[in-house]
Amino acid sequence: MKIILLGAPGAGKGTVAKQLTAIDGSVQISTGDILRGAVQAGTELGKEAEGYMKRGDLVPDSLIMGIMEKRLQEPDCQKGFLLDGFPRTIPQAEALKGLLVKLGINFDKVINIDVPRDVIFDRLCTRRTCSNTACQAIYNVKSMPPKKEGVCDKCGSPIVQRADETEEAISHRLDTYNEKTAPLIGFYEKEGLLKTITGTSSEAVVAEIKKSLGI
Ligand code: AMP
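Residues numbered from 1 in each chain as written. Predicted model: local features only at pLDDT ≥ 70, side-chain atom pairs only at ≥ 80, totals over all residues. Heavy atoms only, no water.

**Observations regarding the overall build of the protein chain**
Then, number 1: A count of helical and extended segments in the protein chain gives 9 helices and 8 strands.
Then, number 2: Relative to the compact-globule value of 17 Å for 215 residues, the protein chain shows a C-alpha radius of gyration of 16 Å, a close match.
Then, number 3: The C-alpha extent of the protein chain, read off along each of the three principal axes, is 45 × 40 × 35 Å.
Then, number 4: The burial tally for the protein chain puts 45% of its 215 residues in the buried class.
Then, number 5: Of the contacts formed within the protein chain by residues at least 6 apart in sequence, a portion of 71% connects residues at least 24 apart.
Then, number 6: Within the structure as shown, the protein chain displays about 10,600 Å² of accessible surface, and the carbon and sulfur contribution to it stands at 52%.
Then, number 7: Taken as two groups, the 29 positive and 28 negative side-chain charges of the protein chain have centres that lie 4 Å from each other. (Helix = DSSP H or I, 4+ residues; strand = E, 2+ residues; numbered from the N terminus. Rg over C-alpha atoms; globule rule 2.2 N^0.38 Å. Buried < 20%, exposed > 50% of the residue type's maximum accessible area, 1.4 Å probe, protein only. Contact = heavy atoms within 4.5 Å. Areas by Shrake-Rupley, 256 points an atom, 1.4 Å probe, with all protein chains shown as cover. Lys, Arg positive; Asp, Glu negative; His and termini not counted. Charge placed at Lys NZ, Arg CZ, Asp CG, Glu CD.)

Below, the structure is given as structure tokens:
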């Protein structure tokens, strides 16, 4: 499947994407995961992105499009891909449209996961992430704690609170979402590609996505 997952930070895009990859081997492409990996590895990209990310601001469109142009041409994308956290601005969506034409790729649908702001805020404050950038498994201290406190079930690395998941940064990220990313809902609605799913359980959201794709 080739889909774009839209939704505020904390709407569950990453969790849903991970469940969808198990269906047909489509790959999850999370620009946030790629950027965190670059920051930890200390690459040029990471150095450029780090300040924006810590503040909860968006990284410039040009940096993101450079990442995505390369990533979408990697062989593992041929089976399908789930775009998680990209596009995040109208210019990114327009550039993606041109890039997909250039690469001869059609995508199936844009899924907008709609979750109330208070649920999201609470979820992000209690979210924890595996510090191993090759893993980045997600936990929640209230609803989905790891078996052993502070340790990732999957790879044994420490789990941490992300630097951009302080209350102040979360608030700023949600405002940035409303201002810059929410307009994409109208953009894809006009293109006739949008399906909005309201739900807080990832299993229910995955079931709805499968239904809308006819799988
Ligand atoms: P995420 O893990 O998707 O919440 O992304 C974490 C941070 O990475 C965001 O707050 C942005 O600073 C940056 N980021 C991720 N994806 C994008 C994107 N498509 N455009 C701009 N910045 C991004």
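The structure having been displayed, the exposition proceeds.
**Some points on the site of the ligand**
Then, number 1: In the neighbourhood of the ligand, 16 residues make up the surrounding shell, with Thr 31, Asp 57, Gly 85, Arg 88 and Gln 92 lying closest.
Then, number 2: Gly 85 places a polar main-chain atom, nitrogen or oxygen, 2.9 Å from a nitrogen atom of the ligand.
Then, number 3: Measuring from an oxygen atom of the ligand, one finds a side-chain N or O atom of Arg 88 at 2.9 Å.
Then, number 4: Relative to its unbound accessible area of 480 Å², the ligand is 96% covered by the protein chains.
Then, number 5: For the shell around the ligand, the per-class residue count stands at 6 nonpolar, 4 polar and 6 charged. (Near = heavy atom within 4 Å. Polar contact = N/O pair within 3.5 Å; in protein donor to acceptor, adjacent residues only side chain to side chain. Nonpolar A, V, L, I, M, F, W, Y, C, P; charged D, E, K, R; others polar.)

**Side note on the packing of aromatic side chains**
Then, number 1: Counting across every chain of the model gives 2 aromatic pairs.
Then, number 2: Aromatic pair Phe 107 and Tyr 188: ring centres 6.2 Å apart, planes at 80°, arrangement edge-to-face. Within this pair, whereas Phe 107 is found in the loop between α5 (90-103) and β4 (109-114), its partner Tyr 188 is found in helix α8 (residues 183-190), the two being separated by 81 residues in sequence. One exposure class covers both Phe 107 and Tyr 188, and it is buried. (Phe/Tyr/Trp six-rings, centres within 6.5 Å; stacked < 30°, edge-to-face > 60°.)

**Section: the packing of helix α7 (residues 167-181) against α8**
Then, number 1: Orientation of α7 relative to α8, taken along the N-to-C sense of each, is 35°, at an axis distance of 5 Å. Taken together, the residues of α8 that come into contact with α7 (itself represented by Tyr 177, Asn 178, Glu 179, Lys 180 and Thr 181) are Pro 183, Leu 184 and Ile 185.
Then, number 2: The class makeup of the residues in the contact of α7 with α8 is 4 nonpolar, 2 polar and 2 charged. (Axes fitted to C-alpha atoms, helices over the stretch in contact; angles between N-to-C directions.)

**Digging into the packing of helix α2 (residues 31-41) against helix α3 (residues 44-55)**
Then, number 1: The contact between α2 and α3 brings their axes to 8 Å, and the two run at 115°. By the angle between their axes, α2 is roughly perpendicular relative to α3. Note that α2 runs across α3; the crossing there is left-handed. Between α2, through Gly 32, Leu 35, Arg 36, Ala 38 and Val 39, and α3, the contact on the second element is made entirely by Leu 45, Gly 46, Ala 49, Glu 50 and Met 53.
Then, number 2: A per-class count over the contact of α2 with α3 returns 6 nonpolar, 2 polar and 2 charged. (Parallel < 35°, antiparallel > 145°, perpendicular 65-115°, else oblique. Left-handed = near helix turned anticlockwise from the far one by under 90°.)

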